[in-house]
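# Reading the structure
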Amino acid sequence: MMSAASFSLSTAPVVSPAPDAANCRRQADCARTAALAALRENDPVTKATATRALHAAVLAGQMTCSAGLELDEPPDLPGRPAQPELVDPRRLKRRSMQSPQGRAVLLHALAHIEFNAINLALDAVWRFAAMPAAFYTDWLKVAAEEAYHFSLLTARLAEYGHAYGDFPAHDGLWDMCERTRGEVLARMALVPRTLEARGLDASPPIRARLQQAGDHTSAAILDVILRDEIGHVLIGNHWFRHLCDQSGLDPHETYTRLAGQYHAPKLRGPFNFEARRDAGFDEAELAALADLDLGQPLPSASPD
Ligand SMILES: [Fe+2]
Ligand SMILES: [Fe+2]
């Protein structure tokens, strides 16, 4: 199996001078450079394997993240395979979960989301310099968990006789990544706290439909993913608030401003309030969502 240390850095971009960049460039232990190389990798299995190995190497102290490193953006981000074909979301048909083909299409769509999620988390690691060390290890952890989710879903998809790339997909997730490329505050607000948080809401009804169709194995995979995704949104909330605190910004006003400025998708219920509460949204934010979704009262926090 490929180790993170052996993961090819030959495609790494030109490194601009920065306080500790020269040191990092000489060494094979810069995890932010390796994150960019993994992001550029086209083959999904190689990307997922390299991402998990990279996180393991950082945990083991074999690689470190250099916050001072400023990397130039290569023109070909993100690395992805020739298939699936990327199409307008309106061209993607919703299929019944009662048929095996319909469930395979759903598993493929979820695998595509996870593939994008690997890219989004790796992008946060390489792109944003001058963040605390924990920012990089947090997003490497997220990237490794997304790679795990991708592997769970593609293994299940294989049991349906299909592989990643067999069905068309859309590119909405990477689009938000591009829009927020210049501002880490906007990235934290709109990718984990908006798009990944939508996944928390979407999970229970999808899980129920799989269960209803008798696919308990796929439903159990969704349980694993939901548990981890709560952690991802929690990490997003943590860094969003950290950045707001640092700049003396009010997080509620700032979120509203950024959602408008970057054309974030409008939030629609039903919301998974319990998961959102566990993921670090505060009571004022949850109450605002309950107001958006008039049919759904805000459940009170359960006592610990
Ligand atoms: Fe995921
Ligand atoms: Fe995630």
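I will try to describe carefully the structure that is included in this document. Remember, predicted model here, so these are calculated numbers, not experimental data.

## Digging into unusual backbone geometry
A cis amide bond, omega 10°, links Q83 with the succeeding residue P84. The topology assignment puts P84 in the loop between β2 (70-71) and α4 (100-127). The omega torsion across G269 and P270 is 0°, close enough to zero to call that bond cis. In this fold, P270 is placed in the loop between α9 (251-261) and α10 (273-278). Although it is not a glycine, H263 adopts a positive phi angle of roughly 55°.

## Description of the nonpolar core
Counting residues in each nonpolar core, the largest one holds 70 residues, and the members touching the most others are A31, A35, L54, A121, V125, L140 and A143. Secondary-structure elements contributing two or more residues to this core are α2 (31-40), α3 (44-59), α4, α5 (133-159), α6 (172-179), α7 (184-212), α8 (216-247) and α9. Take this core: its biggest share by element is 15 residues, from α4. Non-local contacts of A31, meaning those with residues more than four positions away in its chain, are made with L54, V58, M63, T64, C65, Y136 and L140. L200, V233, A275 and F281 belong to the second largest nonpolar core, which has seven residues in total.

## Looking at the packing of α6 against α7
Relative orientation and spacing of two packed helices are given, respectively, by the angle between their axes and the distance between those axes. The interhelical angle for the contact between α6 and α7, taken along N-to-C directions, is 155°, at an axis separation of 9 Å. The orientation of α6 relative to α7 falls into the category roughly antiparallel. For the pair α6 and α7, contact is made by L173, M176 and C177 and by L190, V191 and L195, respectively.

Criteria and thresholds
- Residues numbered from 1 in each chain as written.
- Chains lettered and ligands numbered in written order.
- Predicted model: local features only at pLDDT ≥ 70, side-chain atom pairs only at ≥ 80, totals over all residues.
- Helix = DSSP H or I, 4+ residues; strand = E, 2+ residues; numbered from the N terminus.
- Core = buried A, V, L, I, M, F, W, Y, C linked by C-beta atoms within 7 Å.
- Buried ≥ 20, exposed ≤ 12 C-beta atoms within 10 Å, placed from the backbone.
- Contact = placed C-beta atoms within 7 Å.
- Axes fitted to C-alpha atoms, helices over the stretch in contact; angles between N-to-C directions.
- Parallel < 35°, antiparallel > 145°, perpendicular 65-115°, else oblique.

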